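Commentary on secondary and tertiary structure
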Amino acid sequence: MSTAPEPEPRAPKPALVFDDPLDQQSSDDTDRGWGDRPAGDGAADLKRFLDEKPPHHL
């Protein structure tokens, strides 16, 4: 009597989700990544300000 090898378990198929996508918060709805820089010291902030200020600002 020969026994057939058991089939390998498969990953379940992704389920269809019919939720309203506008009810979910997207990454654009958060403040993360909108020009936020890691917290630094005040001297580095002042240097960046002075380096990046337009020429018409004194």
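Scroll up to find the structure.
The sections below set out a description of the structure shown in this document. Bear in mind that the values here come from a model prediction, so they are computed numbers and not experimental data. Counting starts from 1 at the beginning of each chain's written sequence and moves along it residue by residue. Residues qualify for local features only when their pLDDT is at least 70, as the model is predicted, and side-chain atom pairs are given and counted only at 80 or more; totals for whole chains, interfaces and linings, by contrast, use all residues. Side-chain metrics rest on all non-hydrogen atoms present in the structure, leaving aside hydrogens and water.

Further remarks concern the overall build of the protein. Helix and strand definitions here come from DSSP, where helices need a minimum of 4 consecutive H or I residues and strands a minimum of 2 consecutive E residues; each element is numbered from the N-terminal end. Per the secondary structure count, the protein includes 1 helix and 0 strands. For every residue, the accessible area obtained with a 1.4 Å probe (protein chains only) is divided by the maximum for its type, and the residue is called buried under 20%, exposed over 50%, and partly exposed between those limits. Going through the 58 residues of the protein one by one, you find that 0% of them count as buried. Surface accessibility of the protein: about 6600 Å² in total, with carbon and sulfur atoms responsible for 56%. Every accessible area reported is derived by Shrake-Rupley at a probe size of 1.4 Å, with residue values counting cover from the shown protein chains alone.

Right, let's talk about the pattern of salt bridges for a bit. Any Lys or Arg side-chain nitrogen found within 4 Å of a carboxyl oxygen on Asp or Glu counts as a salt bridge. Taken as a whole and judged by the stated rule, the model has 2 salt bridges. Between Glu52 and Arg48 there is a salt bridge whose closest N-O contact spans 3.2 Å. In this pair, Glu52 and Arg48 are both assigned in helix α1 (residues 42-52), 4 residues apart and thus about one turn of the helix distant. Since its relative accessible area comes to 53%, Glu52 is described here as exposed. Given the relative accessible area of 35%, Arg48 is considered partly exposed.

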